[in-house]
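# Analysis of the macromolecular model
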Amino acid sequence: MNNIEWIPEMSLGVVIIDEEHKRFLHKFSELARAPDLEFSTCFLELLEELEHNFKQEEDLMEKCQFFQIREHRQEHGKLLHALHIVTPNVLRGEFDAARETLSILPKWFVFHLSKMDMQLAIWLKLKEPELNCEHDFYPPKRVSVHHSNLHVSVG
Ligand SMILES: [Fe+2]
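This is a predicted model, so every value here is computed, not measured. (Residues numbered from 1 in each chain as written. Predicted model: local features only at pLDDT ≥ 70, side-chain atom pairs only at ≥ 80, totals over all residues.)

### Thoughts on the overall build of the protein chain
Along the protein chain, the regular secondary structure elements total 5 helices and 2 strands. Counted from the first residue to the last, the protein chain has its helices and strands arranged as α-α-α-α-α-β-β. Considering only contacts in the protein chain between residues 6 or more positions apart, those separated by 24 or more positions represent 65%. (Helix = DSSP H or I, 4+ residues; strand = E, 2+ residues; numbered from the N terminus. Contact = placed C-beta atoms within 7 Å.)

Set out below in structure tokens:
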């Protein structure tokens, strides 16, 4: 399971989203390092973190009437569904299926961040300027995230 850590290039300039992403990556990192004895606890914590993270984003999308809310929600739903499928295995102490599913997560995260979350951040900057935005992110800049064998470039 490849680890992935927060790097400044991942910032979307919306503090509330950036902080959620940092918390998620921290949990993912804990899980990636977890020995079998701690795997199920860490897995369930990561799942809870993702559910919280997605709910927060979806609340923001509703609040600002984000134009891509349906597609964005579907992407969140697909990932949660994949993790829910392997949860019973994890609870039985069988971790192989979960580790395999989790191996796609770093790539999923970087892709989702660079495409969908970035669009949401731009929209929030326009529609909700009172949100604590760290830097001007419009018009979109070229974003390139390099991390070990992951490389996603948008713009
Ligand atoms: Fe998202």
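### Section: unusual backbone geometry
Phi at Q65 is positive, roughly 50°, even though this residue is not glycine. For Q65, the location among the structural elements is in the loop between helix 2 (36-63) and helix 3 (69-91).

### Some remarks on the nonpolar core
In terms of nonpolar packing, the biggest core is built from 27 residues, with F28, A121 and L124 touching the most fellow members. Every element with two or more residues in this core is listed here: helix 1 (15-33), helix 2, helix 3, helix 4 (96-102) and helix 5 (105-127). Looking at this core element by element, the count peaks at 8 residues for helix 5. (Core = buried A, V, L, I, M, F, W, Y, C linked by C-beta atoms within 7 Å. Buried ≥ 20, exposed ≤ 12 C-beta atoms within 10 Å, placed from the backbone.)

### A short note on helix 2
Given a rise of 1.5 Å per residue, 28 residues ought to cover 40 Å, and the 41 Å separating the end C-alpha atoms of helix 2 matches this to within 8%. The inward-facing, buried residues of helix 2 contact helix 1, helix 3, helix 4 and helix 5. Where helix 2 terminates, the next one or two residues include Q65, which has phi positive at roughly 50°. (Expected span 1.5 Å × (residues − 1).)

### Considerations on the packing of helix 3 against helix 5
Where helix 3 contacts helix 5, the two axes come as close as 11 Å, and the packing angle between them is 155°. In terms of axis orientation, helix 3 runs roughly antiparallel to helix 5. When the axes of helix 3 and helix 5 are compared, the crossing they make is left-handed. Facing helix 3, whose interface residues are H72, E75 and L79, helix 5 presents W108, H112, M116 and L120. Looking at the contact of helix 3 with helix 5 residue by residue, the classes come out as 4 nonpolar, 2 polar and 1 charged. (Axes fitted to C-alpha atoms, helices over the stretch in contact; angles between N-to-C directions. Parallel < 35°, antiparallel > 145°, perpendicular 65-115°, else oblique. Left-handed = near helix turned anticlockwise from the far one by under 90°. Nonpolar A, V, L, I, M, F, W, Y, C, P; charged D, E, K, R; others polar.)

### Observations concerning helix 5
At L113, helix 5 is bent by approximately 45°, the largest bend along its length. Of the positions making up helix 5, those classed as buried are L105, P106, F109, L113, S114, D117, M118, L120, A121, W123 and L124. (Bend = angle between axes of the 7 residues up to and from the residue.)

### Some thoughts on the environment of A32
As for its placement among the helices and strands, A32 is situated in helix 1. A32 gets classed as partly exposed once you count the C-beta atoms within 10 Å, which come to 19.

### Notes on the packing of helix 1 against helix 2
Two elements in contact, helix 1 and helix 2, have axes separated by 9 Å at closest approach and are oriented at 165°. With respect to their mutual orientation, helix 1 and helix 2 come out roughly antiparallel. Regarding helix 1 and helix 2, the two cross each other, and that crossing is left-handed. Between helix 1 and helix 2, the residues in contact are I17, E20, R23, F24, K27, F28, E30 and L31 and C42, F43, E45, L46, E49, L50, N53, Q56 and E57, respectively.

### Here we look at the confidence of the model for the protein chain
Confidence in the prediction for the protein chain averages 84 pLDDT; 83% of positions are at 70 or higher. Below pLDDT 50 for its whole length, residues 135-155 participates in 40 contacts with residues either more than four positions away or in separate chains. (pLDDT = per-residue confidence, 0-100.)

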